[in-house]
Amino acid sequence: PEAGRTEIRPLKDFTPRVTGITGKKGPFYSISLRSGEMEDSSGYLGFVGESFSGVNVETVTTSRVGIGVGFSDKKADLSRLLSHLSERGRVEQHNDSSFVALVGVNLGKDPTILARFFSTLARERIPVGQVSKMSSDFSSNQASSDFSLWVEVPSKDYERAQKALYFSMVLGAY
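It should be emphasised that the depicted structure is a prediction, and the values quoted were computed from it without experimental measurement. Along every chain, residues carry numbers that run from 1 in the direction the sequence is written. With pLDDT at 70 or above as the cut-off, local features in this predicted model cover only qualifying residues; side-chain atom pairs require 80 or more to be listed or tallied, and sums for whole chains, interfaces and linings still use all residues. Calculation of side-chain values draws on the structure's entire complement of heavy atoms; hydrogens and water are dropped beforehand.

Trainee: If you had to explain the pairing of strand β3 (residues 66–71) to someone new, which residues and values would you point to?
Mentor: Only protein chains enter the area calculation, which uses a 1.4 Å probe; residues under 20% of their type maximum are buried, those over 50% are exposed, and those in between are partly exposed. Secondary structure elements are defined from DSSP: runs of H or I of at least 4 residues count as helices, runs of E of at least 2 residues count as strands, and each element is numbered from the N terminus. Burial runs high along β3: six of the six residues are buried. The alternating pattern of β3 places Gly66, Gly68 and Gly70 and Ile67, Val69 and Phe71 on opposite faces, both of which are buried. A pair of strands is considered paired only if DSSP assigns at least 2 bridges between the two. Sheet topology note: the strand β1 (residues 17–34)/β3 ladder contains six bridges and is antiparallel. Paired with Arg34 across the two strands is Gly66, which belongs to β3. By the bridge criterion, five bridges tie strand β2 (residues 57–62) to β3 in an arrangement that is antiparallel.

What follows is the structure, given as structure tokens:
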């Protein structure tokens, strides 16, 4: 806003649509902890949080049987993290990941948008690791209008993923 070229105004059109493709080029580390014992148990997220104490974490994904963490902190002691986490389940690690994201309005209200996003990556044979949805509506009404969908991809595929998603999702070219 200070530069005078950016305008911030309230959203008036809630039609589901993509507003952009963004991302973060790695190298990011991605570590996932999976355990069937996680379902209907408590304490796993706290355990993972304690394990990453002092590590600058960029993403956390959760499911009923798994927790994934993405980070770029080069000072993190990977061997200690892997050893500690393996006490509670199966650990998977990726050392050179990047994140690409779909940003838009009411994206979840139109299933064809998310289908096209994942179909584009599949068509390009780009593997997807962690998946994270982030709402950008922090108001009290709980009716999120904007959100971004972040996915982990190998860093070697980052530019290709960005380009393919831009052409498919923003320009509408298949």
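Trainee: Report on unusual backbone geometry, specifying residues and quantitative values.
Mentor: The residue after Gly26, namely Pro27, is reached through a cis peptide bond having omega 20 degrees. Looking at the secondary structure, you find Pro27 in strand β1. Positioned with a positive phi, Arg125 is a non-glycine residue whose angle comes to about 60 degrees. Along the chain, the position of Arg125 falls in the loop between α3 (111–123) and β5 (131–135).

Trainee: Quick one: what's the story with the environment of Tyr158, residue by residue and with numbers?
Mentor: Structurally, Tyr158 is set in helix α4 (residues 158–170). Along the chain, Tyr158 and Phe99 lie 59 residues apart, while their C-alpha atoms are 7.6 Å from each other. We call two residues in contact when some of their heavy atoms are within 4.5 Å. If we skip the residues at most four places from it in the chain, Tyr158 touches Gly23, Lys24, Lys25, Ser98, Phe99, Val100 and Val153.

Trainee: Help me get a handle on the confidence of the model for the protein, residues and values and all.
Mentor: Per-residue confidence from the predictor is reported as pLDDT, which spans 0 to 100. Taken over all residues, the pLDDT of the protein has a mean of 82, while the share at 70 or more is 84%. For residues 138–144, every residue scores under 50 in pLDDT, and the model assigns this stretch four contacts once sequence neighbours within four places are set aside.

Trainee: Which residues make up the side chain of Ser97, and what values do they have?
Mentor: Here Ser97 is to be found in strand β4 (residues 90–105). Residue class for Ser97 comes out buried when judged on its relative accessible area of 3%.

Trainee: Give me the pattern of salt bridges: which residues, what numbers.
Mentor: One side-chain nitrogen of Lys or Arg within 4 Å of one carboxyl oxygen of Asp or Glu is enough to make a salt bridge. The final tally for this structure, using the stated rule, is five salt bridges. Here Glu124 ties to Arg160 by a salt bridge, and the two come within 3.6 Å at their closest N and O atoms. With Glu124 in the loop between α3 and β5 and Arg160 in helix α4, the pair connects residues that are 36 residues apart, well separated along the chain. Through salt bridges with shared partners, a single network forms among Glu124, Lys156, Asp157 and Arg160.

Trainee: Can you lay out helix α1 (residues 44–51) for me, pointing to particular residues and giving the numbers?
Mentor: Since the α-helix packs 3.6 residues into each turn, any two residues three or four apart lie on the same face. Within α1 the residues assigned to the buried category are Tyr44, Phe47, Val48 and Ser51. Burial along α1 is one-sided: seen end-on, the buried residues are contained in an arc of 95 degrees. Relative to its buried face, α1 has exposed residues pointing more than 90 degrees away, namely Leu45 and Glu50. Where the residues of α1 are buried, they touch β1, β3 and α2 (78–85). To be clear, the arc concerns the directions from the helix axis to the C-beta atoms.

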